[in-house]
Amino acid sequence: MNRIIDFAIKNRLLILVLGIIIMAAGYLSYKQLPIDAFPDVSPSLVQVFTVTEGLAPEEVEKYVTYPIEVTMNGLPNLETIRSVSNFGLSVVNIYFEDGTDIYFARQLVNERLTEAREQIPEGFGDPQMGPISTGMGLVLFYYLDDTTGKYSLEELRTIQDWLIKYQLQTVPGVTEVLGIGGYEKQFQVAVDPNALLRYDVTINEIVEKIKANNLNVGAQFIEKDAEEFVVRSVGLTQKIEDIENIIIKAEDGIPIYLSQLAEVEIGGAIRRGVQTRNGIGEVISGMVVKLYGTNSSTVIGAVEKKLAELNKILPEGIRIVPYYEQKSLVESAVTTVTDALWQGIILVVIILMVFMGSLRPSIVVALSIPFAILFAFIGMSYFNISINLMSFGGLAIAIGMMVDATIVLVENVDRLKRESSKEENFIHIIAVASKEVIRPITFAIVIIIAVFIPLFTLQGVEGKTFSPLAYTIALAMLGSLIFAILIAPVLSSYLMKRTKRELKKSKEQKELWIVVQLQKFYEPLVRFFVRRRITAIVLASVILLFGIIIFPQLGSEFTPTLQEGTIVMRMSMAPSISLTESTRLTLIAERRLMKIQEVAGAVTRIGRGEVGAHTDPINSAEMYILLKPKDQWRQDMSQTELEEIIREEFGEIPGALVNFTQPIQMTVDELLEGVRAELAIKLFGGDLEVLKNEAEKIASVIRTVKGAEDVQVDQVTGAPQLKIMVDRHNIARYGINVEDVQQVIRTAVGGETSGQIFEEIRRFDILVRFTPEARLTASAIGEILIKAPDGTNVPLSQLAEIEEVIGPRQITRENNQRFITIQANVVGRDIGSFVEEGQQLIESSVKLPPGYLVTWGGQFRLQQEANARFAVVIPITLLLIFLLLFFNFRSVKNSLLILLNIPLALVGGVAALWISGQNLSVPSSVGFIALFGIALENGMILVTYFNQLMKEGLKVDEASVKGALLRVRPVLMTALTTALGLIPLLFAAGTGSEVQRPLATVVIGGLFTSTILTLLVLPALYKWFSIKYESGAM
Amino acid sequence: MNLIGKFLIGAIFFFSVGCSDDQNNDAVETEEHHETEEHSEAIKISDEVMKEFGIEVKEAGPGVIKSHIDLTGEIIAEPSRISHIIPRFNGIVKEVYKTVGDKVSKGETLAIIESNESLAPYEVQSLIDGTIIEMHMTQGELIGNEAHAFTIADLNKVWANFNIYQKDLGKIKVGQRASVSVGSMDIEETGTISYVSPIVDEKTRTATARVILNNQTGKWLPGMFITANVYVSEKKYPVVVEKTALQTLEEQVVVFVKDEDGGFRPQAVKTGNENNDNIEILSGLNAGDQYVSKNSFILKAEILKESFGGDHGH
């Protein structure tokens, strides 16, 4: 290691250039790093959507979901397949192992999809993969503001679908633009069933005839003289009259036109989603989906520019108004951290100035910050970590720690310089000073990096949230180490040269005033403790005891939710609700919101629009609450407080559940689709009815187990159906096939697309179905006539049983099997024993039919897994740290003495949480981890020096006191820089600060106690842990 | 080593609490839902909210329910008012005086034919007052005595024949009122069913109902395609409610009833006859009860509220 120093000092220029190259590379990486608000916690997931117009969940599952699931089995890296078969929509979520390349996964899925497509019956929909995006991908929402009020909803939707959408999709980084609201334009042919009877025509003949009269063909070319003429026949229908004049049949030469059988008009397509605004009415809206891996802020910027251009070319009076942008979130998250970063840097530099007493060494130390940060950027681009709240936050946390290594080195150089005589070569002093500390510095930094190992093993959402932080801290620390051992000695040689004045000063005068004062104050203290070791032990025990007492009083909470700054109110209505009714309720709710002072507007999405981002059913409404600027609020409030006020003033909506969420949180939750309860018992099996009954039985058994709370069975049913069951005997009598009946039902009631009409490149479906009066009621459907082969007409109700039943809302499947979930929370007892008891009870009292299977999962399982992992990882990490310490000191005793720092550091962290009224949470746990490393570092600096002094022949007591006195400056400096570097995070109030604060609190508190320990207790205890010196440990 | 052990336990504890808290949050949330679970509790809604959501209350009471069946059919000329004119002797048609659509009176000469046997001309005369609806005769033609030369119908009265599908057979009876109309045209008339065929056609499997229509104005043309609303029942019932009041709750048909303290309770009912708007209540509801007639769905949803919480979209 000494050789590294020698090398650096010999090749000073080379090292300098190398340093500049690394920093330049870091800057370039920084420019290319994607910027997001939060780390993307979306799972590696490929979604396959299939729109199957008009099909009930059972059919969707059977004909669409199942074939897709089956073909996806056995893909590499596959984790789980979950599917939801809803009315008219099949969603298959294919989860891959974390870290699987999304393009690779999509390619795999796409290959299998071609196979799946073959197995899905014709006309049952075409499976498509969702956009290449993640839960963070919905970057901008807008609505169309029609100030003229003269455009119909169809016209506006046409503008959205055929003008805005295609323009926006050309913006780089935009993968999809999804429209919702209004109606997609359609040419509707409303057939009068009586007219069918009159002219003896069937509805399917009409469908065929329209198809057969709507074509353009090409017929190669003819040669005329020397020229070629392309032959084309034009027969496309272009307008309503064209459709009306289609001849359906001719009787004795008298043509029967479609207009005699049906009304043709422009109307809106069937829709599964509505967008409303401000309680006034419907609007048309669009969602911009960002391509996976692109830079959010760049994409949003480009989209905004495009929107401005589009606003100019839109018809007069129509404007695109964005109502949600992730940009503001990204900006504020990055600003929060950047501010903290700058403030931290300034505070650190001030500390350096105060303790070093001159600018030049401070510059050397301060330079380690940009170097380490830029070095971290190189690493981030290597590991594909985006700039976001957590990764940037890691840098902010590490500011104080980045300088530690260099502080120790520079301080030692500074000290030796002051002690040195004029004759000594300055370069030589640096080499000696550096060699003295390089070993403990390196070990200390390696240990700090090592303590973050457990964080890398976090899984799931927490893992994805906190691993960027762990990565950037580790990278920055590595950078700071490189700086300290290579660049800092070189820089010191350039920047810290002895001035002439300095050379003249006597040794006494060379000492800095503040250091002298500090030592004056500290010396009696340390002497006291070294003399009366018992007091030191008592002090340590008191602190420890204090920690043990207050620890149980700490509350605990989950990771504090990242505040996105946008409030979304989610309304869940009854599953059987109609879209008309849910729209009505939503408008009422919006009007209520508008009455609240702080609310400027509300834009709501009900159900789903174009498939790709949302799969919500029509009973779910998401209201984006647009807030007035803060100065118009009644008082200064946080988002949570405001939510409380809104909740209070909003009141209850009868028949609807209301809860608050945030856009990204909501999307991610949906993608994770996990059960949030502690315990989730999944019952797998084939028959929905059996599943439901058995699940009820299990639930009632579980309810009897002590500690069970909130036991709930998933409501899988509740969607009313009009079930038409064809009676095979009856149709046999007339010689009709089941399909003949179903074909008529499908076309007459649901409608059948019979080609398209082109308007320039825009295309609109021609939909054939019965007139509303002939299909809108159950009795009307019963009257639909089916034509038998012999020409007889038979009403449907004579051929089939028509009844209203309650059908499934949706069918959920996991790994190719239907399942139903029973959720429960466990209160007041150990969950492990609860599960055991529950399993035994169910085993004995619920007799499941063959083929039915129960699995026990939920959060508790994840927790158990995490604990099991930690039970392995933490001891290994500790062992690793111990080994590192041991390699450094070659002494078990010394190593143990340093490990002793940890509990006392913990106490400080616990106390800080307690005093500031915060809870134990994942971020505070991360703080504790960081604390371990920092606490060890200080101990190492001190103990190393004690050993050195011992080696020089001093007595144990003398070595303890002298060592402590000499090292009080670096110890205090490193502790103070680390703590002060975190102060801005402690007081930051911007977006994302709620995650950083607990972390900063813990570290600052812990540093406080661990510094006391290092400075007072450690010298006292050193005697018992010291090595008998003859053989050198250094 | 003891210290390390302690530290280990501490560290694991930090993580386990770190991970476990979200359940606590959830526990609180679901507890809230729990409170609304009681089904038997009456739902209280302020007048203001009722107005906001359009929930209307009406009094259940006696009412008349008319129900009808829609039939399709066609206009035909009354068979008893049709006469077929057949020339008595074969011969050559000499003169034709009338053509299709002409009104003729009884005894009026329609054509003159020269008999092949006697070579003497004879007159073909109309047998009834009516309109010529068919004619197979041109001048100079040799006409035989087997084909009818003229069909004359008296269209002052026509028959409207309707097809009754098997499912409706029992409901259509002689004497019921029927409103007969021609789809798109503005022609409508009410008549009485005068006949229901005692047999079902073997081919079409339909029976026939008949309404005799007056046709002095000639608006009903034989061959016209017509529809009829047959009023099959019109009865007064002691308790009738609007159909929009009915909701299905836990596989039972219920009506929401307002009790004395202004709360709403679901009341299971048995229903009887119905038409498009109203329905008879056989049991479960008394005349004079206050029931929710409009937007009762919101009340049903309120009861079901706890069951649809917690799940995410899809």
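Residues numbered from 1 in each chain as written. Chains lettered and ligands numbered in written order. Predicted model: local features only at pLDDT ≥ 70, side-chain atom pairs only at ≥ 80, totals over all residues.

Visitor: How do you make sense of the sheet that holds strand β9 (residues 130–135) of chain B when you look at a structure like this?
Guide: Strands belonging to one sheet form pairs held by backbone hydrogen bonds; the direction of such a pair is parallel or antiparallel. Residue and element names in this part refer to chain B. Strand order in the open sheet formed by four strands is β4-β11-β9-β6, and the pairing between neighbours is antiparallel. Unpaired on one side and paired on the other, β4 (82–85) and β6 (103–104) mark the two borders of the sheet. Sheet topology places β6 next to β9; two bridges connect them, and they run antiparallel. Among the inter-strand pairings, Val104 is bridged to a residue of β9, identified as Gly130. (Pairing = 2+ DSSP bridges. Helix = DSSP H or I, 4+ residues; strand = E, 2+ residues; numbered from the N terminus.)

Visitor: What exactly am I supposed to notice about the sheet that holds strand β24 (residues 752–759) of chain A here?
Guide: All names here are of chain A. Reading across the sheet, the four strands line up as β12-β7-β25-β24 and stay open at both edges, with mixed pairing between neighbours. Edge positions in the sheet fall to β12 (262–268) and β24, since each has one partner strand and no second. Averaged over all neighbouring strand pairs, the angle between strand axes comes to 25°, with direction disregarded. For strand β7 (residues 185–191) and β12, the ladder comprises seven bridges, and the chain directions are antiparallel. The residue bridging Val191 from the neighbouring strand is Ala262, located in β12. Lying on the sheet, helix α7 (residues 203–212) is in contact with β7, β24 and β25 (762–770); it crosses β24 at an angle near 25°. Where helix α25 (residues 738–750) meets the sheet, its contacts fall on β24 and β25, and the angle it forms with β25 comes to roughly 115°. (Axes fitted to C-alpha atoms, helices over the stretch in contact; angles between N-to-C directions. Contact = placed C-beta atoms within 7 Å.)

Visitor: Explain the nonpolar core to me, please; I cannot follow it from the model alone.
Guide: Membership of the largest hydrophobic core comes to 164 residues, with the highest contact counts inside it found for A:Ala476, A:Leu931 and A:Val1003. Of the residues forming this core, the biggest block, 20 residues, is contributed by helix α15 (residues 460–495) of chain A. For A:Ala476, the contacting residues outside a window of four places in its chain are A:Ala372, A:Ile373, A:Ala376, A:Leu395, A:Ala398 and A:Met402. Counting residues in each nonpolar core, the second largest holds 80 residues, with A:Leu140, A:Val174, A:Ile646 and B:Val257 among its members. (Core = buried A, V, L, I, M, F, W, Y, C linked by C-beta atoms within 7 Å. Buried ≥ 20, exposed ≤ 12 C-beta atoms within 10 Å, placed from the backbone.)

Visitor: I tried to follow unusual backbone geometry on my own but got confused; where do I start?
Guide: Backbone geometry follows two general trends: most residues other than glycine have a negative phi, and most peptide bonds adopt the trans configuration. All names here are of chain A. Of note in the backbone geometry, Asp200 takes a positive phi value of approximately 55° without being a glycine. Residue position: Asp200 is located in the loop between α6 (193–199) and α7. Phi at Asn815 takes a positive value of approximately 45°, unusual for a residue other than glycine. As for its position among the elements, Asn815 is in the loop between β29 (811–814) and β30 (817–826). The exposure class assigned to Asn815 is partly exposed, which follows from the 14 C-beta atoms found within 10 Å.

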